[in-house]
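Each chain, letter by letter, is given below.
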Number of protein chains: 4
Amino acid sequence: MTRERKKSEKRAAILQSAFDEFKNRRFDAVKLDDVAARAGVGKGTLYLYFKNKEDLFIQMALDGVEQMAGRMKEIARMDLPFCERFFLFGREIGAFVEKRSVMFRLMHQISSESIQQEFMGQHRLLVEVARGLLKAGVDEGVLRSDVTVADLHCLLIGPLLFRVRLNKFNNDQIEVNTLLNLFWDAAVLKPETRKLEL
Amino acid sequence: MTRERKKSEKRAAILQSAFDEFKNRRFDAVKLDDVAARAGVGKGTLYLYFKNKEDLFIQMALDGVEQMAGRMKEIARMDLPFCERFFLFGREIGAFVEKRSVMFRLMHQISSESIQQEFMGQHRLLVEVARGLLKAGVDEGVLRSDVTVADLHCLLIGPLLFRVRLNKFNNDQIEVNTLLNLFWDAAVLKPETRKLEL
Amino acid sequence: MTRERKKSEKRAAILQSAFDEFKNRRFDAVKLDDVAARAGVGKGTLYLYFKNKEDLFIQMALDGVEQMAGRMKEIARMDLPFCERFFLFGREIGAFVEKRSVMFRLMHQISSESIQQEFMGQHRLLVEVARGLLKAGVDEGVLRSDVTVADLHCLLIGPLLFRVRLNKFNNDQIEVNTLLNLFWDAAVLKPETRKLEL
Amino acid sequence: MTRERKKSEKRAAILQSAFDEFKNRRFDAVKLDDVAARAGVGKGTLYLYFKNKEDLFIQMALDGVEQMAGRMKEIARMDLPFCERFFLFGREIGAFVEKRSVMFRLMHQISSESIQQEFMGQHRLLVEVARGLLKAGVDEGVLRSDVTVADLHCLLIGPLLFRVRLNKFNNDQIEVNTLLNLFWDAAVLKPETRKLEL
DNA sequence: TATGAATGAGGCTTCATTCAT
DNA sequence: CATGAATGAAGCCTCATTCAT
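Residues numbered from 1 in each chain as written. Chains lettered and ligands numbered in written order. Predicted model: local features only at pLDDT ≥ 70, side-chain atom pairs only at ≥ 80, totals over all residues. Heavy atoms only, no water.

Some words on the domain arrangement of chain A
Residues and elements named next belong to chain A.
Point 1. Examined at the domain level, chain A breaks down into domain 1 (2-60) and domain 2 (64-193).
Point 2. Each of domain 1 and domain 2 has a C-alpha centre, and the two are 28 Å apart.
Point 3. Counting residues at the interface gives eight residues for domain 1, matched by 13 residues for domain 2.
Point 4. Summing the contributions of domain 1 and of domain 2, the shared interface buries around 920 Å²; its carbon and sulfur component is 57%. (Domains from an automatic or database assignment. Contact = heavy atoms within 4.5 Å. Buried area = accessible area lost by both parts, 1.4 Å probe.)

A closer look at the packing of helix H9 (residues 149-169) of chain C against helix H9 (residues 149-169) of chain D
Helix packing for two helices is described by the angle between their axes and how far apart those axes are.
Point 1. With their axes 6 Å apart at the nearest point, H9(C) and H9(D) run at an angle of 110° to one another. Taken together, the axes of H9(C) and H9(D) lie roughly perpendicular to each other. On the side of H9(C), the interface is formed by His153(C), Cys154(C), Leu155(C), Ile157(C), Gly158(C), Pro159(C), Leu161(C), Phe162(C), Arg163(C), Arg165(C) and Leu166(C), while H9(D) contributes His153(D), Cys154(D), Leu155(D), Ile157(D), Gly158(D), Pro159(D), Leu161(D), Phe162(D), Arg163(D), Arg165(D) and Leu166(D).
Point 2. Looking at the contact of H9(C) with H9(D) residue by residue, the classes come out as 14 nonpolar, four polar and four charged. (Axes fitted to C-alpha atoms, helices over the stretch in contact; angles between N-to-C directions. Helix = DSSP H or I, 4+ residues; strand = E, 2+ residues; numbered from the N terminus. Parallel < 35°, antiparallel > 145°, perpendicular 65-115°, else oblique. Nonpolar A, V, L, I, M, F, W, Y, C, P; charged D, E, K, R; others polar.)

Section: the interface of chain B and chain A
Point 1. Taken together, the contact between chain B and chain A spans 46 residues of the former and 45 residues of the latter.
Point 2. When chain B packs against chain A, the two sides together hide about 4,200 Å² of surface, and 63% of this comes from carbon and sulfur.
Point 3. Looking at the side of chain B facing chain A, the largest losses of area belong to Arg26(B), His108(B) and Phe169(B), adding up to 19% of the total buried there.
Point 4. For the pair chain B and chain A, the number of links is six salt bridges.
Point 5. A salt bridge links Arg26(B) to Glu54(A); the shortest N-O distance between them is 2.6 Å. (Salt bridge = Lys/Arg side-chain N within 4 Å of Asp/Glu carboxyl O.)

So, the nonpolar core
Point 1. Counting residues in hydrophobic clusters, the biggest one holds 152 residues, and the most contacted among them are Met60(C), Leu143(C), Met60(D) and Leu143(D).
Point 2. Not counting residues up to four positions away in its chain, the partners in contact with Leu143(D) are Phe82(D), Leu134(D), Gly137(D), Val138(D), Leu152(D), Trp184(D), Ala187(D), Val188(D) and Leu189(D).
Point 3. In this structure, Phe87(A), Phe104(A), Val65(B) and Ala186(B) belong to the second largest nonpolar core, which totals 148 residues. (Core = buried A, V, L, I, M, F, W, Y, C linked by side-chain atoms within 4.5 Å. Buried < 20%, exposed > 50% of the residue type's maximum accessible area, 1.4 Å probe, protein only.)

Thoughts on the relation of the copies chain B and chain A
Put simply, the two copies of the chain differ by a rotation about an axis and a shift along that axis.
Point 1. With an RMSD of 0.2 Å, chain B superimposes on chain A once it is rotated by 180° and translated 0.0 Å along the axis. Between the two chains, the operation in question is that of a two-fold axis.
Point 2. When the interface residues of chain B are mapped onto chain A, 98% of them again lie at the interface, so the same face is used by both copies. (Least-squares fit on C-alpha atoms with pLDDT ≥ 70 in both.)

Some thoughts on the confidence of the model for chain A
Point 1. Averaged over all residues, the pLDDT of chain A is 89; the fraction at 70 or higher stands at 92%.
Point 2. Below pLDDT 50 for its whole length, residues 193-198 of chain A participates in ten contacts with residues either more than four positions away or in separate chains. (pLDDT = per-residue confidence, 0-100.)

Re the side chain of Arg85(C)
All names here are of chain C.
Point 1. With respect to the helices and strands, arginine 85 occurs in helix H6 (residues 82-99).
Point 2. Using a relative accessible area of 6% as the deciding quantity, one classes arginine 85 as buried.
Point 3. Not counting residues within four places of it along the chain, the set of residues in contact with arginine 85 comprises Ile75, Ala76, Met78, Leu80, Leu133, Ala136 and Glu140.

Section: the interface of chain D and chain C
Point 1. On the side of chain C, 46 residues touch chain D, which itself brings 45 residues to the contact.
Point 2. Between chain D and chain C, roughly 4,200 Å² of surface is buried when both sides are summed, and carbon and sulfur atoms account for 63% of that area.
Point 3. Seen at the junction of chain D and chain C, the total is six salt bridges.
Point 4. In this assembly, chain D and chain C are joined by six residue pairs in polar contact (both at pLDDT 80 or more).
Point 5. Going through the elements one at a time, helix H7 (101-106), helix H8 (113-139), H9 and helix H10 (176-187) of chain D are the ones with two or more residues in the side of chain D that touches chain C.
Point 6. With 15 residues, the top contributor of residues to the side of chain D that touches chain C is H9(D).
Point 7. Of the residues in the side of chain D that touches chain C, the class split is 21 nonpolar, ten polar and 14 charged. (Polar contact = N/O pair within 3.5 Å; in protein donor to acceptor, adjacent residues only side chain to side chain.)

Examining the protein's contact with DNA strand E
Point 1. Around DNA strand E, the surrounding shell holds 30 residues, and the nearest of these are Tyr47(A), Thr45(B), Tyr47(C), Gly42(D) and Thr45(D).
Point 2. The sugar-phosphate portion of DNA strand E accounts for 68% of its atoms within 4 Å of the protein, the bases making up the rest.
Point 3. With respect to DNA strand E, the backbone of Gly42(D) contributes an N or O atom lying 2.8 Å from a phosphate oxygen.
Point 4. In this structure, Gly44(D) approaches DNA strand E through a main-chain N or O atom, which is 3.1 Å from a base nitrogen.
Point 5. Those elements giving two or more residues to the surface near DNA strand E turn out to be helix H3 (43-49) of chain A, helix H3 (43-49) of chain B, helix H3 (43-49) of chain C together with helix H3 (43-49) of chain D.
Point 6. When the residues that make up the surface near DNA strand E are grouped by side-chain class, the tally is twelve nonpolar, eight polar and ten charged. (Near = heavy atom within 4 Å.)

Concerning unusual backbone geometry
Point 1. One non-glycine residue with positive phi stands out, namely Asn171(B), at about 55°.
Point 2. Relative to the elements of secondary structure, Asn171(B) occurs in the loop between helix H9 (149-169) and helix H10 (176-187).

Description of the pattern of salt bridges
Close approach of charged atoms allows side chains of opposite charge to pair.
Residue and element names in this part refer to chain A.
Point 1. On inspection of all chains with the given rule, the structure shows 48 salt bridges over all chains.
Point 2. For glutamate 98, the salt bridge goes to arginine 163, with nearest N and O atoms at 3.1 Å. Of this pair, glutamate 98 sits in helix H6 (residues 82-99) while arginine 163 is found in helix H9 (residues 149-169), placing the two residues 65 residues apart along the sequence.
Point 3. Given a relative accessible area of 7%, arginine 163 falls into the buried group.

Concerning the protein's contact with DNA strand F
Point 1. Around DNA strand F, the surrounding shell holds 31 residues, and the nearest of these are Gly42(A), Thr45(A), Lys7(C), Thr45(C) and Tyr47(D).
Point 2. The sugar-phosphate portion of DNA strand F accounts for 71% of its atoms within 4 Å of the protein, the bases making up the rest.
Point 3. Measuring from a phosphate oxygen of DNA strand F, one finds a backbone N or O atom of Gly42(C) at 2.9 Å.
Point 4. Between Tyr47(D) and DNA strand F, the recorded distance is 2.7 Å, taken from a side-chain N or O atom to a phosphate oxygen.
Point 5. Only H3 of chain A, H3 of chain B, helix H1 (2-23) and H3 of chain C together with H3 of chain D provide two or more residues apiece to the surface near DNA strand F.
Point 6. Looking at the surface near DNA strand F residue by residue, the classes come out as twelve nonpolar, eight polar and eleven charged.

What follows is the structure, given as structure tokens:
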């Protein structure tokens, strides 16, 4: 137990430190020496948990995606009016994207073909879940159906992603809720449904 | 003149080949050997036109941004109803973003602080121009004013950027025009103004 | 006693597995991980029996040399006509060399000076014994004395060693007995003494 | 010309320095840093001429083998009595083996399967040439035919190889000529043919 | 101006060795 | 005694950069 526990904790520590190092740096600007030092382990230890630098990078980038997808699925299945499910969902994903925007940047930066595939699989998972919710909105007659679900999805997630960048680099202070409301205005059939001041 | 001309052409060739190499690769995965070979010049020649790898990278990423900004400013200044200026503008920027999405990814990948600044300057330029147009829309009473211009901007550009990724990695076929229309629905005060079937 | 026994067996198991690993590999291509795994012990256990990798290597290479030397001395001392002693001896050494050709290859691959010495000591032991026999042959007037014992020794052992390589890499099928007979023809004074069909 | 010349010379310099480094050391005990330093070139330069450490090692080990084989073939074809061709040949090969005994040790130390093959090809070349000469001796009725050519070959080369080791590690002073004469006594049909005091 | 052979700093990775359990 | 997780020294190799031609 202690054994398993420690092992799992060490892995998490490495992932965290990798996250901190990769967050604002290029892949090649991150030194595994630093990752190890920050995690408080020896350099060689990294290789007990990860095949190599790229593997560590990927594991880090995908860390938490599945839990996230799970939580999002739960929300989508909740017994609530669509409007509420949507805003719950939106805030959840907005927060996730803020914390793990790395993942979205990194899709473009993978060399190995096979890993590329794994990566895209995870990404598609998230896309699927989000589109599932939107599809429900359409089916329930809340969201418009003159555009595709893909269009709506793009309109929803795009701003949430871009927001992170603007807030970071442009010192803007764009709120998730504002974006969700704007999306709602564009996507919903009967505007009066809208509400949700926060 | 021929001298100037040749020089300029060679620079352009290098930038193009750099673009092709960087497009789908990590910074460190691109070898200057390959860039030079693809451009049909010797490796040393790169250093006659660019200070170093990062410089080449930046020049490439920013290549065309100023022209783009210029063109966009012109559109914004045109003597046309806001609606038309908007859609012209939107399609222009949609195309630009499609071709040069690199630039947007790369903001995060610069080591040198000073270059970071230069980069952000250019980015801000584009942001400014776009927000200028949107501000005009608000001032002219076409766009809603209950959210900030920054919010509207994020809602406009975010999907255009995300679209590129989805079309590429998810094999979606999201249209710029659809996104513009959706934006319009969310942002405009009197929906009946909207039109533009294309 | 059981204690002693077990210990000795484990040591033997390690030596055997080391032998199998080193047999066809470079020193640096052998991983102690593999040696331990093959021997069915933990990696740390190796260090209970051997000082370090090089020590294990040496012990393995020299393993059995002394017994061999002993057996050879016995043969040399037997109360038999020289001819018979020689062929017994030759076949014995031919078999030994076939099994432990490693040892002979390895002389060249030792870093530590002190270990080098130990190694050479063992080698010299074998040389001595062989030359002892040949000296007896000369003294008894069976072998020629117009060349040195060292020359004869070289003529005897060289082919036995080279044979192993040819059989292995060249797929030859050279017999120890043939080589012994050839040596005999070259080395003996009165050819009619020679016989030994097998 | 100067270009080609320089390149070829540099390669030779590297091979020589590699030879000196590998001569008395284990593969893993040789540092490419040292090879480069000894050759008076930069570390990276090694990689302009050789794929990697093992490649350098092989090229070095095989360096000169083909010339040697060529020279030996010439001797074998000379218009001389077999006896003279034999001793010429023997002395040539004795000297070669003395200088390049590395090659023979190294057969056992190659990891890559493909390189192993190349290596064995070269070795077989030498074996072939030597056996060609011995075959001629048999055909001309000078050498005995009651043993195979492979046996004779093993009897000839084995001692020449072993001699190098004994002289080096045992401080013996075994002469090539003595060994050749001994071989001759064993292999020739009419002993009176033998002569060659030197 | 253009080249590409040469360089060497620097980082990933391996694996012998240690030591807490 | 036995283990194997952890370590970090050490070296191969890459590739941006330089510079003689």
